[in-house]
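# Coordinates in review
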Amino acid sequence: MPYHSSEEIFGIVRSERALVTYFSTTECQVCKVLRPKVERMVAEHTGIRFLYVDSALHPEVTGQHLVFAVPTIILFSDGREMRRFSRNLSLDDLDRALRMLPR
């Protein structure tokens, strides 16, 4: 898992056509269980990049995107937020949103 600086994260969000950003912390047990499932789901959809952001290491990125709870998953297209899932989420709803994400 590559670690990025906050500037790199902002650049990735702006430059990727389709991006799933997973905001979490190392202390979040639910996040640890959910993350591999989300990563596998994203990998099944071609043309979508997955990016993990540790909210504790990148508070400026977390704040800029108004993330107040973890896990939070934000789907971006060309730097614009298209959909957001936070805390209790349905993997079926996430899968449907990934299918609709422009690529």
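Relevant structure appears above.
The rules we used
- Residues numbered from 1 in each chain as written.
- Predicted model: local features only at pLDDT ≥ 70, side-chain atom pairs only at ≥ 80, totals over all residues.
- Heavy atoms only, no water.
- Pairing = 2+ DSSP bridges.
- Helix = DSSP H or I, 4+ residues; strand = E, 2+ residues; numbered from the N terminus.
- Axes fitted to C-alpha atoms, helices over the stretch in contact; angles between N-to-C directions.
- Contact = heavy atoms within 4.5 Å.
- Core = buried A, V, L, I, M, F, W, Y, C linked by side-chain atoms within 4.5 Å.
- Buried < 20%, exposed > 50% of the residue type's maximum accessible area, 1.4 Å probe, protein only.

A word on the sheet that holds strand 2 (residues 49–54). Taking strand neighbours across the sheet as the criterion, the 4 strands line up as 2-1-3-4 in an open arrangement whose pairing is mixed. The open sheet terminates on both sides in strands that have one partner only, identified here as strand 2 and strand 4 (80–86). This sheet shows a mean twist of 20 degrees between the axes of neighbouring strands, independent of strand direction. In the packing of helix 1 (residues 6–15) onto the sheet, the strands contacted are strand 1 (18–24), strand 2 and strand 3 (72–77), and the crossing angle to strand 2 comes to about 150 degrees. The strands touched by helix 2 (residues 29–43) within the sheet are strand 1, strand 2 and strand 3, with strand 1 carrying the most contacts at an inclination of about 175 degrees.

A few words now on unusual backbone geometry. Residue Pro 71 is reached from Val 70 by a cis peptide bond, and omega for that bond is -5 degrees. Here Pro 71 is to be found in the loop between helix 3 (59–64) and strand 3. Despite not being glycine, Leu 66 shows a phi value in the positive range, around 55 degrees. You can see Leu 66 is positioned in the loop between helix 3 and strand 3. At Arg 87, a residue that is not glycine, the phi angle is positive and equals roughly 55 degrees.

In this section: the nonpolar core. Judged by nonpolar contacts, the single largest core of 19 residues is most densely connected at Val 20, Tyr 22, Val 38, Ile 73, Leu 75, Leu 94 and Leu 98. Secondary structure elements with two or more residues in this core: strand 1, helix 2, strand 2, strand 3 and helix 4 (91–100). When residues of this core are assigned to their parent elements, the largest contribution, 5 residues, is made by helix 2. Once residues within four sequence positions are removed from consideration, Leu 98 is found in contact with Val 20, Met 41, Val 42, His 45, Ile 48, Leu 75 and Arg 103. Within the second largest apolar cluster, 11 residues are counted, among which are Ile 12, Val 13, Ile 74 and Phe 76.

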